Amino acid sequence: MKSKALIALLSDGLVHSGEYLAGQLGVSRTAVWKQIRRAMEEGFVIETIRGRGYQLVSNVDLLDAGEIIDGIAEDYRPRIDLRVLDQVDSTNAELAREFQAGSDSIPVVIADCQTEGRGRRGRTWQSPRGENLYLSMGLTFHGGFSVLDGLSLVLGVAVANALESLGADDIGLKWPNDIFLPSGKLGGILVELQGELQEGVVQVICGIGINVHMSAAGNVDQAWDSLSRAFPRHEWSRNLIAGAIISAVLDAAHEFSERGFVDFREPWQRRDIFMGKKISARGGEAAGTGAGIDQGGNYLLDTGDGIVPVRAGEISLREVK
Ligand code: BTN
């Protein structure tokens, strides 16, 4: 974002004169006006108050590496290798480019917008500037590729814990790892395998997208919501949300590495949005009533003739209305 310094000055919502802004930024008043126009092109709503100056009317929630780090549990901070980017194709792709084999630090990439945000099953993830959280973390696990199935669900529980700790109620999970509110999808998780270092040691990229301030989205083919729309009285900060999610993911990854999936079954199932609902696996290959998950994180369908597990992976479930 080219106008970051200007927006930071206007972010108090007060009226500031062109002269004041020019002095603070060390540029001419004409240059200030050009920056104001550029910021408006980037989506900020700035009013010109005649004879007085400029006022930022839209909400700003700038990403700040220091604030993100402050929000992470103290024990984890020294190991976090955080990069906050203005724009990137995809935070998952960026993390894949830099993920060092065998490093002790935990790489985290967060961006203000993504030009090629990736969703599950080859979909595009809408990633408008300044509105949402786009975060990727690199984690290393022992246990071979099979850790991936359970990990997807574990990450869903971690994100739900983080959002609830910040005041979001009613967070639901849609198998395997979509984050839901009763009003629609709030976020998604894309787990991508980076590679196997040595036998059984796998590097995984965990990409997390949360709708924070988004109020409109084109080309989204399902009900969705954002934290600001669903909880308008709460002032949502992307920095705080990022810090809470990073901590919660590291807590969960530690527990998952030590004890496996066993402790995640109940917290996942408690938030299952399909429990007791009529559902089918996409493609129609299985249908029944949602009955939670088994010990390994497979989804259970009660078909009437018995309980049938649906394996984690690329199958997706939907409600039959
Ligand atoms: C889904 O389809 O529900 C998963 C969406 C995952 C989106 C996040 S945003 C941060 C990270 N970078 C990406 O390109 N995708 C993930």
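The model shown is predicted, which means the values in this text are computed figures rather than measured ones. (Residues numbered from 1 in each chain as written. Predicted model: local features only at pLDDT ≥ 70, side-chain atom pairs only at ≥ 80, totals over all residues. Heavy atoms only, no water.)

Participant: So what exactly am I meant to see when it comes to the overall build of the protein chain here?
Facilitator: In terms of regular secondary structure, the protein chain is built from nine helices and 14 strands. For the protein chain, the spread of C-alpha atoms along the principal axes amounts to about 75 × 45 × 30 Å. Among the 321 residues that make up the protein chain, the fraction classed as buried is 48%. Per element, the accessible surface of the protein chain, about 15300 Å² overall, is 46% carbon and sulfur. (Helix = DSSP H or I, 4+ residues; strand = E, 2+ residues; numbered from the N terminus. Buried < 20%, exposed > 50% of the residue type's maximum accessible area, 1.4 Å probe, protein only. Areas by Shrake-Rupley, 256 points an atom, 1.4 Å probe, with all protein chains shown as cover.)

Participant: What is the right way to look at the domain arrangement of the protein chain in this model?
Facilitator: Bring the parts together and some accessible area is lost; that lost area is often taken as the interface size. Split by domain assignment, the protein chain resolves into domain 1 (3-56), domain 2 (65-270) and domain 3 (277-317). Computed over C-alpha atoms, the centres of domain 1 and domain 2 are 34 Å apart. (Domains from an automatic or database assignment.)

Participant: What am I meant to see in the pattern of salt bridges here?
Facilitator: Summed over all chains, the structure comprises 15 salt bridges. Where Glu94 meets Arg97, a salt bridge forms, and the shortest distance between an N and an O atom there is 2.7 Å. Highlighted residues: Glu94 and Arg97, both in helix H5 (residues 91-98), separated by three residues, approximately one helical turn. What makes Glu94 buried here is its relative accessible area of 13%. (Salt bridge = Lys/Arg side-chain N within 4 Å of Asp/Glu carboxyl O.)

Participant: I keep staring at the sheet that holds strand E13 (residues 307-310) and nothing clicks. Help me out?
Facilitator: In a beta sheet, neighbouring strands pair by backbone hydrogen bonds and run either parallel or antiparallel. Ordered in space as E13-E12-E11-E10-E14, the five strands form an open sheet in which the pairing is antiparallel. Each edge of the sheet is formed by a strand with only one pairing partner; in this case those strands are E13 and strand E14 (317-319). Ignoring strand direction, the axes of neighbouring strands in this sheet form an average angle of 50°. Bridge analysis of strand E12 (residues 299-302) against E13 gives four bridges, and the strand direction is antiparallel. Bridge pairing in E13 links Leu301 to Val308. (Pairing = 2+ DSSP bridges. Axes fitted to C-alpha atoms, helices over the stretch in contact; angles between N-to-C directions.)

Participant: Is there a simple way to explain the packing of aromatic side chains in this structure?
Facilitator: Two aromatic rings, taken as a pair, are described by how far apart their centres are and by the angle between their planes. Overall, the coordinates contain seven aromatic pairs when judged by the stated rule. Relative to Tyr54, the ring of Trp33 has its centre 6.4 Å away and its plane inclined at 15°; by these criteria the two rings are stacked. Residue Trp33 is found in helix H3 (residues 29-41), and its partner Tyr54 is found in strand E2 (residues 53-56); the two are separated by 21 residues along the sequence. For Trp33, a relative accessible area of 35% corresponds to the partly exposed category. On the numbers, 6.0 Å between centres and 55° between planes, the contact of Trp175 with Tyr299 is tilted. (Phe/Tyr/Trp six-rings, centres within 6.5 Å; stacked < 30°, edge-to-face > 60°.)

Participant: Quick question: what am I supposed to make of the site of the ligand here?
Facilitator: Lining the immediate environment of the ligand, one finds 20 residues, of which Ser90, Gln114, Arg118, Arg120 and Lys185 sit closest. In this structure, a nitrogen atom belonging to the ligand sits 3.0 Å away from a side-chain N or O atom of Gln114. Arg120 is positioned with one of its backbone polar atoms (N or O) 2.7 Å from an oxygen atom of the ligand. Counting only elements with at least two residues in the shell around the ligand, the list comes to H5, strand E5 (133-142), strand E8 (184-196) and strand E9 (201-210). Its residues placed into classes, the shell around the ligand shows six nonpolar, ten polar and four charged. (Near = heavy atom within 4 Å. Polar contact = N/O pair within 3.5 Å; in protein donor to acceptor, adjacent residues only side chain to side chain. Nonpolar A, V, L, I, M, F, W, Y, C, P; charged D, E, K, R; others polar.)

Participant: Just checking my understanding: could you explain the nonpolar core for this structure?
Facilitator: One broad rule of soluble globular proteins: the nonpolar side chains tend to lie buried together. Formed by 65 residues in total, the largest nonpolar core has its most connected members in Leu163 and Ile210. Here this core spans two domains, and each of domain 2 (65-270) and domain 3 (277-317) adds at least three residues to it. Once residues within four sequence positions are removed from consideration, Leu163 is found in contact with Ala168, Ile171, Ile179, Leu186, Ile210, Leu227 and Ile241. Listed in part, the 13 residues of the second largest apolar core include Leu6, Leu21, Ala22 and Tyr54. (Core = buried A, V, L, I, M, F, W, Y, C linked by side-chain atoms within 4.5 Å. Contact = heavy atoms within 4.5 Å.)

Participant: How should I be thinking about the pairing of strand E4 (residues 106-114) in this particular structure?
Facilitator: Side-chain direction in a regular strand flips from residue to residue, so the side chains alternate between the two faces of the sheet. The buried fraction of E4 is high, at nine of nine residues. Pairing geometry for strand E3 (residues 80-88) and E4, over eight bridges, is parallel. By the bridge assignment for E4, Gln87 is matched with Cys113. Crossover connection from E3 via H5 to parallel E4: handedness right-handed. In terms of strand pairing, E4 meets E5 through four bridges, oriented antiparallel. Bridge pairing links Ile110 to Leu135 in E5. (Right-handed = clockwise from strand over helix to strand, strands pointing away.)

Participant: How should the UniProt feature "DNA-binding region" (unreviewed entry) in the protein chain be read in this particular structure?
Facilitator: Using the residue numbers shown here, the UniProt feature "DNA-binding region" (unreviewed entry) corresponds to residues 18-37. Between the C-alpha atoms that bound residues 18-37 the distance is 13 Å, and the span itself is 85% helix and 0% strand. (UniProt positions renumbered as here; feature names shortened; annotations may be inferred.)

Participant: What should I look at first to understand the UniProt feature "binding site: biotin" (unreviewed entry) in the protein chain in this one?
Facilitator: What UniProt calls "binding site: biotin" (unreviewed entry) maps, in this numbering, to Ser90, Thr91, Asn92, Gln114, Arg118, Gly119, Arg120 and Lys185. Mapped onto the fold, Ser90 is located in the loop between E3 and H5. Given the relative accessible area of 3%, Ser90 is considered buried. Those residues in contact with Ser90 that sit more than four places away from it in its chain are Gln114, Glu116 and Arg118. Polar contacts involving the side chain of Ser90 include one to the main-chain amide nitrogen of Asn92, which spans 3.2 Å. Examined against the element boundaries, Arg120 turns out to sit in the loop between E4 and E5.

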